[in-house]
Every structure is written in C-alpha cells, then in structure tokens.
Amino acid sequence: VGGHVPYRDSKLTCILQDALGGNAKTIMVCAISPADINFEETVGTLRYADRAKQIKNKPKVNIDPTELLIQQLKDENERLKSQFGGGAPAAVPAGGGGMSEEEKQEMKKQLEEEMQAKMEENEKMMAEMSKSWEDKLKEAQEKAATENAGSSNEAARREKEAHILNVNEDPVMSGAICYFLPLNQEINFGNRNSPGQEEILLGGVSIRPDHCRITNKDGVLDFGIREECKVLVNGQDVTGQHGLVLHHNDRLVIGTNYYFVVVDPAEREASPPEGGWPEQGWDAMQREIAKAQGLNVDVNWSAMTEEEKRRALLNDELVQVMPRVTEANALGKELKRDFLFETKVTSVMHKTEGMTSLVMVKVINTATQMEWLWEKDKFVNRVYLMRELYEKYLEGSLDPAVFGSERDPFSDPNEPMHVGYSSVFLKSLSFCITSEDDYAIYHDSQQAGIMRVKIEPCKPDGSIIREDDEAGGPYDDVEDPKDLLGKRLDMLVTVLYCRGLTGKFSSEVYVEFDFPKAPNPNRDDSRWESNKQAGTINPNFNFSQQITYPNVDDQVLHRLEHESAFFHVFGLQEEKSGGLQKKKMLSMAEVDTLQQDLRKAHEDQERSMTVLGKVQEMSVAAARNNDASESFVLELANTLADLSLDVQAMVDAAQIAGQNKSDAAAEVVSGGSAAEVGELQKKVEEEQQKVQALTVQLAACETALAAAPAATAAVAEAPPQTPRDEKDTAIKMLEEKLLHLEAVSKSMASAAEITEAAASGDAARFAKQLSDATALLEAKDKIIHDSHEAERAAKSKLHEQNDELQSLRDAGGATTAATPADSADSAKVATLEKDLAAMQTEKTQLKQESTRLKGELDLAKAEAAKAGGGSKGCALQ
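Remember, predicted model here, so these are calculated numbers, not experimental data. (Residues numbered from 1 in each chain as written. Predicted model: local features only at pLDDT ≥ 70, side-chain atom pairs only at ≥ 80, totals over all residues. Heavy atoms only, no water.)

### What about the pattern of salt bridges?
Applied cut-off: By definition, a salt bridge exists where a carboxyl oxygen of Asp or Glu is found within 4 Å of a side-chain nitrogen of Lys or Arg. Starting at the N terminus, helices and strands are each numbered in turn, a helix being any DSSP run of H or I of at least four residues and a strand any DSSP run of E of at least two.
In the structure shown here, the tally under the stated rule is 26 salt bridges. Between Glu76 and Lys118 there is a salt bridge whose closest N-O contact spans 2.8 Å. Remark: Lys118 occurs in helix H5 (residues 101-129) and Glu76 occurs in helix H4 (residues 65-85); sequence separation between them is 42 residues. Of the charged contacts in the structure, one is a salt bridge between Asp525 and Arg523, with a shortest N-O distance of 2.7 Å. Where salt bridges share partners, they join Glu512, Arg523, Asp525, Arg527 and Glu529 into one cluster.

Set out below in structure tokens:
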C-alpha cells in the first residue's frame, strides 16, 4: 500500500483529480453487474476502485497566503526587536576580535539602522495587507476619479482643437484613438519599427519612416505625403502629393490598416451641411474605396429585382474582401514573396441551385505562373496567418523554412485545378436511346474547349446491345419513359476525348462526372473519375463506366427526363519558372554569415587586384627593358583586360619590345636573373661568330670542291709513268674531302639555323627555320651526289687509262728512262699530294670543331626547349 500508485490517463481520473489527489476525504461507490456480458466492464470497475483505494493523501492545514506572510513578517520583526534590545547585535564579535571601541560602536550603529529600516518596511507591508476591502475600494475610486478628470480634459480639447480619430471594423473600438493637431505645429507620421523624429508612430505593413505629415497653419490643415508612401483621402490615392488641404470629416487611409477621420471643430461649427455632418464608419469608408475603384455600391434595394439584389450582395462581399486583398499584396511585398492577389467573381455550378456566382480570390505565383482560387473564408484566414508571419519577421524570429512548406500561407501545393465543366442532358436515356455528341466545356461563363461523351444503354454485364442480336435487347419494349418504372436500367458512359484545353493545365488531365441517384460507393463525393492523361491539351481518354439503376422509380425517372449529368475537367498546373529563382527569406544568422563571406570576398578581391596591379607594373617594366617577349606581354595584357584593368601601357610597351626580338628572347630563354641573361646573350654572340668563321671555311671548301673536277682531269691526263698507287691515293683523298665537306655543310647549316632559333625563343619561328635548313641540306646533298657521280666517272676514266698504260708497257717490253716530261709530271703529283695532306689536316681540325660545335648546339637546343616551357610557365604565373 505504501508504494507509488500511478494515475490512469482517463476522463474519470481527470474529473476526480481534485477529490483523489487533493486535501479531501473521498468516498467512492462503484456499480458492477452480475451478467456475463458485462464481465469486462465489471473487472475494469473493480480494478479502478482498487487503485483508488490505494491512494493515501497527507492532509495539511489551509492557510491564507496573505495571513501567512503577515505572520512571517511579525515573527521577523520580533526577532529583530530582540536583537536590537538585547545589547550588541550578534554580528558584532563579543570579544572585540582586534577591533577598537570606536569601530565596534560604528558597526553597531550601522546594524541598528539596517534593522530599523527593515522593521519599518515590514510594518508598512503588514499595514497594506491588513487593509479591508472597503479601504481598497475607496482608493480605487479615488484613482478612477483622477483619471476621469484627465479624460474630461481630453474631451474638452476635442471640442476645441483639430484632431483625427481612428475608425475600426468594430464600432466599439472606433474613436478610441485620438491624435491632436496643435495650432501652428507639424505632426509627422512614421514607422514604430524605424523611429525617427516623428510624433506619431504606426506599426504594420506599408508604413514607411517619415510616411506623411499634417501641418496646422493658422487653422488650415496642410497634408503632405512622401513618395512611394500609400495614402488614400476620401477613397482617392494621393501617394506622393503635397499641399493638400484637409477638411472636417475627410477620411484618411494611411498604409493599408490605419483608417482615420478628420475632425476640425472650427469648420464643423462654421459651415455644417444641410442635414448635418454624416457619420463616418468602417462600412462607409469601404464603400467609398470600392466606388473609387469602379464598383457600383449606391443601390436602392426597394426598386431592385432579385437578380439585381444578388449582384448587389456580391458587391458587398467584394467591398469586404478588397481591403484584405490590398493588405495581402502589401504583406507579400514586405516579405519578398512573388505572389499577387486579385478579387474575382466566379460562376460555380451547384447541384441543386444551378449556376451561382461566388466572390473568390485569385492567387498568382508570378515566379512560376501558377494560379489558385480561394474562397473568401479561406482567404481571410490566410491573411491572419500572413500578419502573424509579418510580426515574426519584424521581431527577427521568422523561420525561413515556412516559405514553400505546408505552413506557407501564401500558396497551396500543386493540386489539380478545375478547368471547366460540360452538362449532358439525359432526356434520351429515358427512351433508352444512345446519345453521342461534342459538348462545350465552360469556365467562368466562357468556352474553354470541347468534350465528346457517349451514353448508351447496355446489358447487365456491361456489353453493348447490338441490332442484330437474336434475343433482342432488354429495352425493346420501352416506348415511353414510364415503361422503365420498376425495371433495371444499365447504361455505359464513355468519355472519348477533350480538345482545346488551356495549355497550363496539360500536366495531368482527367474527367470527373456524377449521375443523379447513381453515386460511386468508393468516393465520398459520389463522383466517377476517368483515367489521367499528361503532356497534352487534346487528351484521348476512351474511358467507359457502367452506371446501374437497380429499380427505376418516379424520382429517378424525373431526373432522367429533366436534369443533366455534369462532367468536370481537372488538370494539374505546369510550373513555368522560366529560369526564375525563388527568393529565399534568410534568418538573421544566415544574413550575418553572408555578410562575413561578402566582406571576406571583398578583401580577397582587393588583394587580388593589388597583386594584378603589381603584375601589370612588372610586365610593363619588363617590356620596356626588353626583359619579356612581345607575345607573352600581349597574352598577359589580354588576361588582365578581362579583369577590367587598363592595359594600354602594357600594349605600348610590348610593341616597343617587339622591335628588339633577340634581346627580348633572352629573358624568355633564361627565365632567370639579369646576369644569366647577359651570359646567355654572350654565348649566342660567340656562337654567331663561330658560325661566321665556319661559313668562311665552308666557302673555301666549296671553292675547293669546285676545283675538284679540274684536279681529277689533271690526274686523268697524267702521263703513263705516274704510279697507280699515287693516283689511287689522290682519288681516296678527294673522296674523304667530299665527305668532310658534306659533314661540315650539314653541321654549319644546323648550327647557324638552330642557334638563331634558340636565340629568338619563338617556337613557331624555330620550326620554320629548321624546315628551311632541312631544305638547304637537301640541296647540298644533291650537289654532293652530283660530285660523287662526277668522281665515279673520273675513276672509271682513270682505270681505263691505267689499263691502256699497262698494255702499252707490256707491249714495249721494258721501262724507258725518265724524261724531262716525266720529271715535270712527278713534281705535279708531289704538289698534289702536299695539297691533299694539307686538306687532310684541315679535315681533322674541322672534324674536331664540328664535334665541339655539335655539343654546343645540343646545349642550345635544350635551352630553347626550356625557353618554350618557361614562357608557358611565366604565362601561368
């Protein structure tokens, strides 16, 4: 029993909570039943009673909180008095504790003053609590009298000074707020969320700082409105106007929610109209605004027909809805929502009342071009939710996730919209005759397409009745509609297609229809629904549904003869954003984060611009000092021009640098310091000198090559006494000289062209020059080939002459003595051998020079390749 007894979450426990858990003694009487059918209820009741019996309450004395507080104060006062009158307070050390006598007296005096003040405060509180109800009532009456005196003063001011009074939808609240317009003073209206020097601060939507002002100049009320600040005077929009004069009983609408009427006692008493001044209320102001917008609100009910009265009632509903539509548009603008609200009178087909007109609000999402139609009650409810969001927005507590979600009061999810309807008369069915035709689809009393529907009697199994059926149809004996009474009637309804629908509802189209007294048991609205077609404004449905009347009675027959079946077309809207981005309402934290990111991006941009400026200055200096190539500087200038930098100085410097390509290429090849540039330039000059020397040697070799055929002819004409081995040696030396000349020609051509290309640093020019060098070598090869052919012909001729000499020697039988002619020939051969030896020495030297030049050329090629990569690297930097 002493354990914890949990209370059940039941209505009975909730009702008995004061008795079960309060300071009370409770007796519970439980009723049970002996019947077996009530077994569960009986067991439940007994269990509940057992739980209630286990509850143990601890009683405590009920004391009035006021009396308890008074008693506590009395006890505290008694304790303070005992301490005050019993000598030194307890807080003062009895033994002195190292304190002097003066310090003890000072501390004692301070404690006594504190205790005295606390005692007086307690006595004052006890006196206040001990006052009787009569005393408190008397004080309240005196306070009210004082306030009434102030009210009487305000009432007296209203009778003398010009002022404006509020007008509210609730008549009791009208006139409760009064703003005086003192003589020769200017009264400014502003926004309380952005207060400035304005005397009157208003809240809500569409109120701007320094919204408008009223100046009382010697009794004349001058009215001025700032630009883009909405104000209506007597229903007319006067936004941005100045110098307006307000008169008594003028109506003001400031923003969208503040309605005022001007009261000028002097003008009111001076020139009252005939019949007196009309009383201005909320309804009168709304009708005035609606009349200014083109609505007919001046009606004479007694002289109106029923149709005219119905239209007048619609106008009254429009008058009630229009100010809220204006407010909704203003709220959407303040909250950065792309929605537009418009009033609309829509014709709706009612089952029993037929065609009726309703005041609805058309909602347009200007970003996606989607539309909705809201009933008046739904729209008014949404306006209250919009106001709540706006208040949160002003407080900074608005959650941006609300927009676009189910809680967004500005929009609805994309659901199927009513495109239009068609009505099909059922008269032919009462005669069991098939009907098939195109029916117009109407939307807002205008045709919005056509629909083809076929309705035909059928067999109970849904099959079509054919004329050639031997058994005949079940309705062959029906000649009068009354013949159907008491019989079963089956019909097959087929929706074939729709044509010419509105394009924005083509995302998903389907048809719903209902028949009188033939509901669909699977739906609450009793309608039948066709299949859905998407992506077309001309859908083909070919949907069939069997409708059955098990027993046709007089009511069914009457409806078939005089009523229609309605086919409603629905379509899902297609979002057409057109690349528009949805605006997002950011929270304060997100705004702070974006501001920090923006500042950081701005700082990064400033640093980047500083670096680019330095790069630009360095590039201009390099171009002017011939330290950078023209192509590199121009490429860099194009890149900096894309960043909106002034690159004219770079272009001018690059053009000047282009006049000295060799010096500019030196920096591109080396890509290093000025010392390296000078060293490489010196190397290039040395190589050019060597190339010039080799060119001179090549010219000498070519001259010798040109003299080679003459030398060969001289050898051929040598006398028979010339030894054969000497001739062979001369021929061999000529061959080697030709090979040497070929190698020297190729090496010097390659050295000259490649060195010049390496010095220029231009890869494209290097390729062209290499191609020209190859062509030149091919021409040299051809010349050398021709020389070889001439040499081979000379060798052949020499061999023939040797053979003839040998035959002559064999025929003479012995060698003759040397003659002076032979001595001259021998001297000529000796001279030729000396020349060949000199040429051999020169060949060796040229070979060594060619090897050294080849190594330097390989180095120049490597530096040229490095120059090409270095240029790209500089551009990337």
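### Details of the packing of aromatic side chains
Stated precisely, the cut-off is as follows: Working definition: rings of Phe, Tyr and Trp (its six-membered ring) pair if their centres are within 6.5 Å, and the pair is stacked with planes under 30 degrees apart, edge-to-face with planes over 60 apart, and tilted otherwise. Residue exposure (1.4 Å probe, protein chains only): buried if accessible area is under 20% of the type maximum, exposed if over 50%, otherwise partly exposed. Placement of a charge over a ring requires the Lys NZ or Arg CZ to be within 6 Å of the ring centre, with the centre-to-atom vector within 35 degrees of the ring normal.
Counting across every chain of the model gives 16 aromatic pairs. With a centroid separation of 6.2 Å and an interplanar angle of 35°, the aromatic rings of Tyr390 and Tyr393 are classed as tilted. Here Tyr390 pairs with Tyr393, and both are found in helix H10 (residues 376-395), just three residues apart, close to one helical turn. By relative accessible area, which is 5% here, Tyr390 ends up buried. When its relative accessible area of 31% is taken as the criterion, Tyr393 is described as partly exposed. Each member of the aromatic cluster is reached from another via a ring pair, and the members are Phe339, Phe341, Trp372, Trp374, Phe379 and Phe410. Just above the ring of Phe180 sits the side chain of Arg157; from NZ or CZ to the centre is 4.0 Å. Over the ring of Trp374 we find Arg382, and its NZ or CZ is 4.6 Å from the ring centre.

### Describing the packing of helix H9 (residues 306-334) against H10
Keep this limit in mind: Axis definition: a line fitted to C-alpha atoms, over the contacting stretch in the case of helices. Angles run 0 to 180 degrees between N-to-C directions. With respect to orientation, any angle under 35 degrees is reported as roughly parallel, any angle over 145 as roughly antiparallel, any angle of 65 to 115 as roughly perpendicular, and every other angle as oblique. If you view the pair so one helix is near and one far, a crossing is left-handed when the near helix is turned anticlockwise from the far one by less than a right angle, and right-handed when it is turned clockwise. What makes two residues a contact is simply this: any of their non-hydrogen atoms within 4.5 Å.
Relative orientation of the contacting elements H9 and H10 amounts to 30°, with a least axis distance of 10 Å. Classified by the interaxial angle, the pair formed by H9 and H10 is roughly parallel. With respect to the hand of their crossing, H9 and H10 are arranged in left-handed fashion. Contact with H9, carried on its side by Glu317, Gln320, Val321, Arg324, Val325, Glu327, Ala328, Leu331 and Glu334, involves Lys376, Phe379, Val380, Val383, Tyr384, Met386, Arg387, Tyr390 and Tyr393 of H10 and no other residues of that element.

### So, the confidence of the model for the protein chain
For the record, the criterion: Values of pLDDT, which run from 0 to 100, indicate the predictor's confidence residue by residue.
With 62% of its residues at a pLDDT of at least 70, the protein chain reaches an overall mean of 74. In the model of the protein chain, helix H15 (residues 661-670) stands out as the element of lowest mean pLDDT, 46, in contrast to strand E18 (residues 489-499), which has the highest, 94. Contacts of residues 1-5 to residues separated by more than four positions or lying in other chains number five contacts, the stretch itself having pLDDT below 50. Considering only residues more than four positions removed or in separate chains, one finds that residues 718-727, a stretch of pLDDT under 50, has 19 contacts.

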